[in-house]
There are 2 protein chains.
Amino acid sequence: MRDVKRVTMEDVAREAGVSRALVSIAYRDAAGVSAATRARILAIGERLGYAPDQVAARLAGVGGRTVGVFIQDLHNDVFADVFDGVRAVVEPARKSLVMAVGTLDGRGDAAALDTLRRSRVDVIVGVGLQLPDVAVQAVSRHVPVVAVARDIPSVDAVITDNEAGARAAVEHLAGLGHRRIAFLANPPGDGYGGRGSGYAAAMRAAGLAPRVASSSYLRAQAAIDAAALLDGPEPPTAIFAHNDQAAFGVLDAAHDRGLVPGVDVSVVGYDNSSMSRAPGTALTTVDLHGAELGRAAAELAAERVSRPDAERLTRTSAPTLIVRGTTGPAPS
Amino acid sequence: MRDVKRVTMEDVAREAGVSRALVSIAYRDAAGVSAATRARILAIGERLGYAPDQVAARLAGVGGRTVGVFIQDLHNDVFADVFDGVRAVVEPARKSLVMAVGTLDGRGDAAALDTLRRSRVDVIVGVGLQLPDVAVQAVSRHVPVVAVARDIPSVDAVITDNEAGARAAVEHLAGLGHRRIAFLANPPGDGYGGRGSGYAAAMRAAGLAPRVASSSYLRAQAAIDAAALLDGPEPPTAIFAHNDQAAFGVLDAAHDRGLVPGVDVSVVGYDNSSMSRAPGTALTTVDLHGAELGRAAAELAAERVSRPDAERLTRTSAPTLIVRGTTGPAPS
DNA sequence: TTGTACGCGTTATCAA
DNA sequence: TTGATAACGCGTACAA
């Protein structure tokens, strides 16, 4: 049923009557073999069911051809967008991609990064890193890291302007006449602090009083925290959540209270995840432009590999507000 | 800024005044080293910033410790559920996981599987495989494959009872008084044919005439196909879509026409993806129990590795209907 | 505990 | 140019 033995390059070489080195050259499309011989070698390899062993190749090779991608959570659609962007750059360059997935609570992140480091990747693109700055910096001493949407001193990064995104959200809501606009905050120190500070700055600029409720990434927790706001004194007429997941929690809480989003209470998320586009939800949100971030990160990664000693590399991306159905005029 | 040279096991051995073999033993927690020496070796390794190279280990090791996971599409939440299940089994067993991601149109699937094969994985768990049976069988001649939610002759599989899921959906709708229940079909030959046949059987059993509209995985296409149904003669009062993505397309079409889901038209999806749980959407759907499928697949994978010549291994899982807000009594 | 033969390609270095 | 030879990468496993 299954091949008992693995077919190796040696097998192909013997069958073709050439050296192993020549087979290697042929398979890598490298210079040093005549077209005719190359074709013959590949044909024989095909017939034998041979495929070069990537593990051996990675061990023997010169390096610089493997990109590691850390993804915080496969359930978050935004990360998938970023991954698509990374792939769009890495695959055409014929480099290989190694993935490692963290855990939602961040506890598995260090292990996942360690896996990448030990997998001989030449550079790591970190998507949704939740580790403290120092932990990321520690990893980057062994393997260069390009952080996506997170600004860590001395670590290459594709930075997204969280302040601008938050400002756009607040200005949108203020323009609709909302005055009691609350912010459902992300965990402190997660690198998205700009969303909170941008919110606060925009509120003050609009002559409004910031009102921040701490919360978490978990939708259920966000629902609880939003409920506290909505049931408290002087409930906000609009809630800006630090990301879409949390915004869904807010919508859950609103729904429980019979409040119609966009009418009784306005809700803005952050990320433009696919769930925010769900029919019936139509969440107004800030688009992170994930694929673009991913492409930029992959480009920075390539640059870092070719110039290991370059100064810190960064690129900046600007989010844009997407108005959908969960925001509307402030109730009078 | 970064370590210029990679620290190897040899470096640690020299520093500790022992052999490389002993360092290897110490790091693998294997028998053959005294506790004191082991601690000393690990301490020195720590100080030197050493981490065992997994690539070299995989090349040298005996095998049977690496599981490959093919995932069709990172944007589909159900696959993430399955992945979680796989991981829940693989990680505690201290095996390593290698991932490869396909493409939505299925064109990249062969390449992704090939990547896994060449990565020396001992077994592949295939999630969302769209390749033809023969292509999967071809891969499985080199590396055993465990297919998730797909039934391919001679390939190990965790099978989900699509017929039962479809039947539950139809019976639910028929019980609500619907008589014109249409099925928005998946592409033929994708392995989920049971949803269509289960639908047809359940319809006939209920004394109703099956009505199948062909469609695709794409939400936009599903919207077009659903629109044709809704605008046509004798429009269905209920539409059962082959998966959640397509069901969202149906909801889009309904929304465009001012039809309220659950009131004017009932909609049932399949998968119980996270989007189906979105507030305001609340899609009635068939729960695939992704994490359970993933766990079962990982268990089968382990069994296959330990018994390479065993007969075909299969396990069956039963989906369950989850009634939410998009289904309601048939309009009179 | 140690020596040492692998595992499977890649990449100089060298010869024709 | 076309090709061969041999060292190398970094651990693992087994005999000594």
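Residues numbered from 1 in each chain as written. Chains lettered and ligands numbered in written order. Predicted model: local features only at pLDDT ≥ 70, side-chain atom pairs only at ≥ 80, totals over all residues. Heavy atoms only, no water.

## Comments concerning the overall build of chain A
A tally of regular secondary structure across chain A gives 12 helices and 12 strands. Taking the principal axes of its C-alpha atoms as reference, chain A extends roughly 85 × 45 × 30 Å. Counting across all 332 residues of chain A, residues that qualify as buried make up 54%. Restricting to contacts in chain A with at least 6 residues of sequence separation, those with at least 24 account for 67%. Taken as a whole, chain A presents about 13,700 Å² of accessible surface, with 54% of it coming from carbon and sulfur. (Helix = DSSP H or I, 4+ residues; strand = E, 2+ residues; numbered from the N terminus. Buried < 20%, exposed > 50% of the residue type's maximum accessible area, 1.4 Å probe, protein only. Contact = heavy atoms within 4.5 Å. Areas by Shrake-Rupley, 256 points an atom, 1.4 Å probe, with all protein chains shown as cover.)

## Describing the domain arrangement of chain A
For interface size, the figure often reported is the accessible area lost on association. Residues and elements named next belong to chain A. Taken domain by domain, chain A consists of domain 1 (9-52), domain 2 (66-160 + 289-317) and domain 3 (162-288). Domain 2 and domain 3 are separated by 28 Å when their C-alpha centres are compared. Listed per partner, the contact involves 14 residues of domain 2 and 13 residues of domain 3. Contact between domain 2 and domain 3 buries roughly 1,200 Å² in total, counting both sides, with carbon and sulfur atoms accounting for 49%. When the buried surface of domain 2 facing domain 3 is broken down by residue, Val78, Thr160 and His289 rank first, second and third, together holding 39% of it. Along the contact surface separating domain 2 from domain 3 lie 0 salt bridges. One can count 2 residue pairs in polar contact (both at pLDDT 80 or more) joining domain 2 with domain 3. Put simply, the parts of the chain that give the side of domain 2 that touches domain 3 at least two residues each are helix H5 (77-90) and helix H12 (290-306). (Domains from an automatic or database assignment. Buried area = accessible area lost by both parts, 1.4 Å probe. Salt bridge = Lys/Arg side-chain N within 4 Å of Asp/Glu carboxyl O. Polar contact = N/O pair within 3.5 Å; in protein donor to acceptor, adjacent residues only side chain to side chain.)

## Topic: the protein's contact with DNA strand D
What surrounds DNA strand D is a group of 30 residues, the closest being Ser19 and Arg120 of chain A together with Arg20, Ser24 and Arg28 of chain B. In this structure, Arg120 of chain A approaches DNA strand D through a side-chain N or O atom, which is 2.9 Å from a phosphate oxygen. At the level of elements, helix H2 (20-27) and helix H4 (54-60) of chain A together with helix H2 (20-27) and helix H4 (54-60) of chain B are the ones that each hand at least two residues to the surface near DNA strand D. With 4 residues, the single largest contributor to the surface near DNA strand D is H4 of chain B. Looking at the surface near DNA strand D, its residues break down into 15 nonpolar, 8 polar and 7 charged. (Near = heavy atom within 4 Å. Nonpolar A, V, L, I, M, F, W, Y, C, P; charged D, E, K, R; others polar.)

## A closer look at the protein's contact with DNA strand C
Within the structure, DNA strand C sits among 29 residues, and Met9, Arg20, Ser24 and Arg28 of chain A together with Arg120 of chain B are positioned closest to it. Of all DNA strand C atoms lying within 4 Å of any protein atom, the proportion belonging to sugar or phosphate reaches 66%. The contact in question runs from a sugar or linking oxygen of DNA strand C to an N or O atom on the backbone of Asp53 of chain A, over 3.4 Å. In this structure, Arg120 of chain B approaches DNA strand C through a side-chain N or O atom, which is 2.8 Å from a phosphate oxygen. For the surface near DNA strand C, the secondary-structure elements that each account for two or more residues are H2 and H4 of chain A together with H2 and H4 of chain B. Sorting elements by how many residues they give to the surface near DNA strand C places H4 of chain A first, with 4 residues. Residues that form the surface near DNA strand C fall into these classes: 15 nonpolar, 7 polar and 7 charged.

## Topic: the UniProt feature "domain: HTH lacI-type" (unreviewed entry) in chain A
Per the UniProt record, the feature "domain: HTH lacI-type" (unreviewed entry) sits at residues 7-61 of chain A. Structurally, residues 7-61 of chain A comprises 67% helix and 0% strand, and the distance from its first C-alpha atom to its last is 20 Å. (UniProt positions renumbered as here; feature names shortened; annotations may be inferred.)

## A closer look at the sheet that holds strand S3 (residues 123-127) of chain A
Residue and element names in this part refer to chain A. If you walk across this open sheet you meet the 6 strands as S2-S1-S3-S4-S5-S11, and the pairing is parallel. Of all the strands in the sheet, just strand S2 (96-101) and strand S11 (314-317) have a single pairing partner and so form its edges. For this sheet, the mean inter-axis angle between neighbouring strands, taken without regard to orientation, is 15°. In this sheet, S3 lies alongside strand S1 (residues 66-71) in parallel orientation, the contact comprising 5 bridges. (Pairing = 2+ DSSP bridges. Axes fitted to C-alpha atoms, helices over the stretch in contact; angles between N-to-C directions.)

## Remarks on the packing of helix H1 (residues 9-16) of chain B against H2 of chain B
Two quantities define a packed helix pair, namely the angle between the helix axes and the distance between the axes. Residue and element names in this part refer to chain B. Here H1 crosses H2 at 105°, and the two axes come no closer than 8 Å. Classified by the interaxial angle, the pair formed by H1 and H2 is roughly perpendicular. Touching Met9, Glu10, Val12 and Ala13 of H1 are Arg20, Val23 and Ser24, all from H2. Grouping the constituent residues of the contact of H1 with H2 by class yields 4 nonpolar, 1 polar and 2 charged. (Parallel < 35°, antiparallel > 145°, perpendicular 65-115°, else oblique.)

## A look at the interface of chain A and chain B
Chain A puts 51 residues into the contact, and the matching count from chain B is 51 residues. Between chain A and chain B lies a buried interface of about 4,500 Å² when both sides are counted; carbon and sulfur atoms form 53% of it. In this assembly, chain A and chain B are joined by 2 salt bridges. As a salt-bridge pair, Arg120 of chain A and Asp53 of chain B come within 2.3 Å of each other at their nearest N and O atoms. One can count 18 residue pairs in polar contact (both at pLDDT 80 or more) joining chain A with chain B. Mapped by element, the contributors of at least two residues to the side of chain A that touches chain B are H4, H5, S2, helix H6 (109-118) and helix H11 (244-256) of chain A. At 6 residues, the largest contribution of residues to the side of chain A that touches chain B is made by H5 of chain A. For the side of chain A that touches chain B, the residue count by class is 21 nonpolar, 13 polar and 17 charged.

## Overview of the relation of the copies chain A and chain B
Overlaying chain A on chain B yields an RMSD of 0.2 Å, the required transformation being a rotation through 180° with an accompanying axial translation of 0.1 Å. Seen this way, the second copy is the image of the first under a two-fold rotation axis. Residue by residue, 100% of the interface of chain A is reproduced at the interface of chain B, so both copies engage with the same surface. (Least-squares fit on C-alpha atoms with pLDDT ≥ 70 in both.)

## Description of empty space enclosed by the protein
Tallying each qualifying case throughout the model produces 3 cavities of 30 Å³ or more. Volume-wise, the largest cavity comes out at about 200 Å³. His75, Asp77, Ser274 and Met275 of chain A together with Ser274 of chain B are, among the 23 residues lining the largest cavity, the residues nearest its centre. Of all elements in the fold, only H5 and H11 of chain A together with helix H11 (244-256) of chain B reach the threshold of two or more residues within the lining of the largest cavity. Residues that form the lining of the largest cavity fall into these classes: 7 nonpolar, 10 polar and 6 charged. Roughly 40 Å³ of volume is contained in the second largest cavity. (1 Å grid on protein atoms, 1.4 Å probe; cavity = no way out; pocket = protein on both sides within 12 Å on 5 of 7 lines; lining within 4 Å. Points joined across faces, edges and corners; volume = space filled by probe spheres on them.)

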